[in-house]
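Structure at a glance
Below are the chains, spelled out letter by letter.
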Amino acid sequence: MKRFFATSLAILLLWTRLGHAQDWPNKPIKLIVPFPAGGPTDMVGREAANILRDEFKQPVVVENRPGGNGGHGPRRLG
């Protein structure tokens, strides 16, 4: 009997947590391309942004950060 109540309580708690989940993403997505605009990497990044925009139904901003042989893109995310 204790096992039944414990299992029921666990299922109830899990169910209530899933009911309050937020939609993700809930704000615009920033896609950082660590190479200059106009090159092949930029074109791939913009196509990826279009796919993400259609999939998540959120605006996607492509930001190019050239310099440092692509090292500037991954370092600063904020």
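Scroll up for the structure.
Reading guide: rules and limits
- Residues numbered from 1 in each chain as written.
- Predicted model: local features only at pLDDT ≥ 70, side-chain atom pairs only at ≥ 80, totals over all residues.
- Heavy atoms only, no water.
- Pairing = 2+ DSSP bridges.
- Helix = DSSP H or I, 4+ residues; strand = E, 2+ residues; numbered from the N terminus.
- Right-handed = clockwise from strand over helix to strand, strands pointing away.
- Salt bridge = Lys/Arg side-chain N within 4 Å of Asp/Glu carboxyl O.
- Buried < 20%, exposed > 50% of the residue type's maximum accessible area, 1.4 Å probe, protein only.

The next point concerns the pairing of strand β1 (residues 29-33). With 5 bridges connecting them, β1 and strand β2 (residues 60-64) associate as parallel partners. Paired with Val33 across the bridge in β2 is Asn64. Taken together, β1, helix α2 (residues 40-56) and β2 constitute a β-α-β crossover, and its handedness is right-handed.

Here we come to the pattern of salt bridges. If you walk through the whole model with that rule in mind, you get 3 salt bridges. In this structure, Lys30 engages Glu63 in a salt bridge whose closest nitrogen and oxygen atoms are separated by 3.6 Å. Placement of Lys30 in strand β1 and of Glu63 in strand β2 is noted, with a sequence separation of 33 residues between them. A residue is classified by how much of its surface remains accessible, and Lys30, at 44% relative accessible area, is partly exposed. Each of the salt bridges in this network shares a partner with another, and the network as a whole consists of Lys30, Glu63 and Arg65.

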